[in-house]
Amino acid sequence: MTLQGKTVFITGASAGIGEATAYACAAQGARLLLAARRLDKLSAVTEECMLRGAEAVHCFALDVRSQPQVAAAVEGLPADWASIDILINNAGLSRGLNKLYEGLISDWEEMIDTNVKGLLYVTRAVVPGMVARNSGHIVNLGSTAGEVTYPGGAVYCATKAAEKAINDGLRQDLLGTSIRVTSVEPGMVETEFSRVRFHGDEERAAKVYQGLTPLSPTDVADAILYATSAPSHVNVAHILLTSIHQANSLLFHRESTGTSGNTR
Ligand code: NDP
Ligand code: 8X3
């Protein structure tokens, strides 16, 4: 199966994994609905998607933390964009790496509101249409962080453990329909993720990837395409992928120092 002519809705398409996934879908001739808060970045991604072969692109500013905004955006889609074939719930972030008892409450709120509640709001707005058409695929972005908790990451890890539970619960609730549900769970991917986590501290963010080869956003887009292009009777439930320099969310190997451990 290819994505030719399919309508694919990607949240968090202005950067990183969402952006790379938009390009991968564009190369297959998909119709792309792209959303994020930064419209200037989305406009640039839109242009690039058209150059790479997208059939059409409709982009719009969206903050997934606002349920009324999410509901209005999905309800207000132009008629020729209303039938979403694939939803990629990618918008998400981490904030801080503090010990739990020293964590910033505002960081916790932002992660939970985006990664858990935002994912739920978008799912709730889009999936009823899929059920009515008995057709669709939801891909959720999880993480190795949802498998194994690491120090300083309790709340981020909890949001990704929640993603896993929501992913599996949704698949159970859709049993008997033709709708598929997949969780893609990468280890470290070099994107804006660490810059966002450390509130713009570029130096600290760069250290996360020093001396090892992280996954690229394109590696993750490839995993998403694997799941979405499987035959229609195949539901890929989970894909967990890491770079060769990572065993799980607690264990990395830094070639520069020849050491392995949790040195995030
Ligand atoms: P980036 O920071 O590069 O991209 C995050 C995207 O999410 C941006 O497009 C951002 O757009 C969007 N976003 C953030 N908050 C909101 C919001 N409230 N409403 C709408 N869009 C929002 O990070 P990644 O590409 O790395 O992360 C994408 C997903 O992958 C996340 O769910 C992350 O948890 C997950 N992940 C990342 C890993 C990594 O190591 N990088 C590993 C495993 C999973 P904008 O700011 O314009 O709104
Ligand atoms: C992002 C990967 O290990 O930095 O989910 O939390 S990690």
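Further up the page is the structure itself.
Rules used in this analysis
- Residues numbered from 1 in each chain as written.
- Chains lettered and ligands numbered in written order.
- Predicted model: local features only at pLDDT ≥ 70, side-chain atom pairs only at ≥ 80, totals over all residues.
- Heavy atoms only, no water.
- Core = buried A, V, L, I, M, F, W, Y, C linked by side-chain atoms within 4.5 Å.
- Buried < 20%, exposed > 50% of the residue type's maximum accessible area, 1.4 Å probe, protein only.
- Helix = DSSP H or I, 4+ residues; strand = E, 2+ residues; numbered from the N terminus.
- Disulfide = S-S within 2.5 Å.
- Near = heavy atom within 4 Å.
- Polar contact = N/O pair within 3.5 Å; in protein donor to acceptor, adjacent residues only side chain to side chain.
- Areas by Shrake-Rupley, 256 points an atom, 1.4 Å probe, with all protein chains shown as cover.
- Nonpolar A, V, L, I, M, F, W, Y, C, P; charged D, E, K, R; others polar.

(A) Layout of the nonpolar core. Counting 37 residues, the largest nonpolar core has Leu32, Leu34 and Cys49 as the members making the most contacts within it. Among the secondary structure elements, those contributing two or more residues to this core are strand S1 (7-11), helix H1 (16-27), strand S2 (31-36), helix H2 (39-51), strand S4 (86-89), strand S5 (136-141), helix H8 (217-228) and strand S7 (238-241). Membership of the second largest hydrophobic core comes to 22 residues, among which are Ala35, Val70, Trp81 and Ile179.

(B) Quick peek at the state of the cysteines. For the structure on display, the rule yields 0 disulfides. Considering cysteine sulfurs only, Cys25 is the nearest to Cys49, which forms no disulfide, with 8.4 Å between them. Of the residues examined, Cys49 reaches a relative accessible area of 0% and is grouped as buried.

(C) Structural context of the site of ligand 2. Around ligand 2, a shell composed of Ser143, Ala145, Tyr150, Tyr156, Phe193 and Arg264 is seen. For ligand 2, an oxygen atom lies 2.5 Å from a polar atom in the side chain of Ser143. The contact in question runs from an oxygen atom of ligand 2 to an N or O atom on the side chain of Tyr150, over 2.5 Å. In isolation ligand 2 exposes 240 Å². Once the protein is present, 92% of that is buried. Each residue belonging to the shell around ligand 2 can be placed in one class, and the counts come to 4 nonpolar, 1 polar and 1 charged.

Honestly, that's just the spatial picture; any functional story needs more than this.
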